[in-house]
Amino acid sequence: MYKQMEILELMKKLAATAGKLIMEIYQTDFDVDYKEDESPLTMADKKANALIVSELAKEYPDYAILSEEMKDDKTRINNPFCFIVDPLDGTKEFVKRNGQFTVNIALAEENRPVIGVIYVPVTEDLYYASTSEGSFLQSGSDGTVQKLHVTDKTDQLIWVGSKSHSSEKETALIDAHKDHIAETISAGSSLKGCMVADGRADIYYRFGLTCEWDTAAMHCIAEQAGAIIRQMDGTPLMYNRENTLNEKGFFIVNRKENVWL
């Protein structure tokens, strides 16, 4: 698989290094700015982005890069390889200081995520996946590595939803299937997809808008752990598109029986 393992190792290193930088700022009385869409922006977003993007560009100059925190160069859509970066996913959670934020780095090949890395700065947990090796979690507490696989449950399900973005459609779907749902929990950032991948949750439906950098890394991690990921209309969720907005919503579920649309 070309340089897949070499690229994965670099992505893991950059995610962890960016995470440590983020934690240094997390411990300070940082300022919060706001973008045009009123989403928060901090020095942690900017510094983590600069680190990740500069190193990816240096090591793989022929690959395109799409990042939340840099101007979008549309020539990327002609490149079969594109790194997709969210240097601080869950800035709202970062600002709230609840610990539920991540560093997301993915590589898309021909519009599909083939490598994904998610680092959780507060716990130092590192999720990573590749199409050649599968999906894994390296524990921040003791460094042990476990291969991930979704659960096989169709009943007594755990639904995970957004900590900052819920919707009436989600509530209606939960109500319609409440006989099969044992518990609903909330989490921030891309942790929701990771929780389906590692079996702490079974289903995640997201009706609201997201962008490619929000989903690419967790898509790869969850899919390589056996999850089913589709847009709400059942079509594949693709990457390195001209329009980076995921306008149709998406779901990540452990089994086809739990596709409820």
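Just above sits the structure.
Residues numbered from 1 in each chain as written. Predicted model: local features only at pLDDT ≥ 70, side-chain atom pairs only at ≥ 80, totals over all residues. Heavy atoms only, no water.

Caption draft 1: Representation of the packing of aromatic side chains within the structure. Overall, the coordinates contain 13 aromatic pairs when judged by the stated rule. Taken together, a centroid distance of 5.2 Å and an interplanar angle of 40 degrees make the contact between Tyr26 and Phe94 tilted. With a gap of 68 residues between them, Tyr26 in helix α1 (residues 4-26) and Phe94 in helix α3 (residues 91-96) connect regions that are remote in the sequence. Just as Tyr26 is buried, Phe94 falls in that class too. The side chain of Arg97 reaches across the aromatic face of Tyr26, ending 5.8 Å from its centre. (Phe/Tyr/Trp six-rings, centres within 6.5 Å; stacked < 30°, edge-to-face > 60°. Helix = DSSP H or I, 4+ residues; strand = E, 2+ residues; numbered from the N terminus. Buried < 20%, exposed > 50% of the residue type's maximum accessible area, 1.4 Å probe, protein only. Lys NZ or Arg CZ within 6 Å of the ring centre and 35° of its normal.)

Caption draft 2: Focus on the sheet that holds strand β3 (residues 64-67). The seven strands are arranged β3-β4-β5-β6-β7-β8-β9 in an open sheet whose pairing can be described as mixed. Looking at strand neighbours, the two that pair on one side only are β3 and β9 (145-147), the edges of this open sheet. Each adjacent strand pair in this sheet contributes to an overall mean axis angle of 15 degrees, direction not counted. Two strands pair when backbone bridges link them, and strand β4 (residues 81-89) and strand β5 (residues 102-109) are joined in this way by seven bridges, in the antiparallel orientation. Residue pairing across strands places Val85 opposite Ile105, the latter belonging to β5. The strands touched by helix α2 (residues 43-59) within the sheet are β3, β4 and β5, with β4 carrying the most contacts at an inclination of about 160 degrees. Of the strands in this sheet, β3, β4, β5, β6 (112-120), β7 (125-130) and β8 (134-138) touch helix α6 (residues 212-224), which is tilted by about 100 degrees from β6. (Pairing = 2+ DSSP bridges. Axes fitted to C-alpha atoms, helices over the stretch in contact; angles between N-to-C directions. Contact = heavy atoms within 4.5 Å.)

Caption draft 3: Here's a closer look at the pattern of salt bridges. Across all of its chains, the model carries 13 salt bridges by this definition. Here the residues in one salt-bridge network are Lys35, Glu68 and Glu69, joined through shared partners. (Salt bridge = Lys/Arg side-chain N within 4 Å of Asp/Glu carboxyl O.)

Caption draft 4: Focus on the pairing of β6. In terms of burial, β6 is a largely internal element, eight of the nine residues being buried. As defined by bridge partners, β5 adjoins β6 across seven bridges and the pair is classed as antiparallel. Paired with Glu109 across the bridge in β6 is Arg112. Joining the antiparallel neighbours β5 and β6 is a turn of two residues, in which Glu110 adopts a positive phi near 50 degrees. The pairing of β6 with β7 spans six bridges and is antiparallel.

Caption draft 5: The state of the cysteines, seen in detail. Enumeration over the complete set of coordinates arrives at zero disulfides. With no disulfide of its own, Cys211 has Cys82 as its nearest cysteine by sulfur position, at a separation of 14 Å. Relative accessible area serves as the criterion here: at 15%, Cys211 is assigned to the buried category. (Disulfide = S-S within 2.5 Å.)

Functional significance is not addressed by these values, which are geometric in nature.
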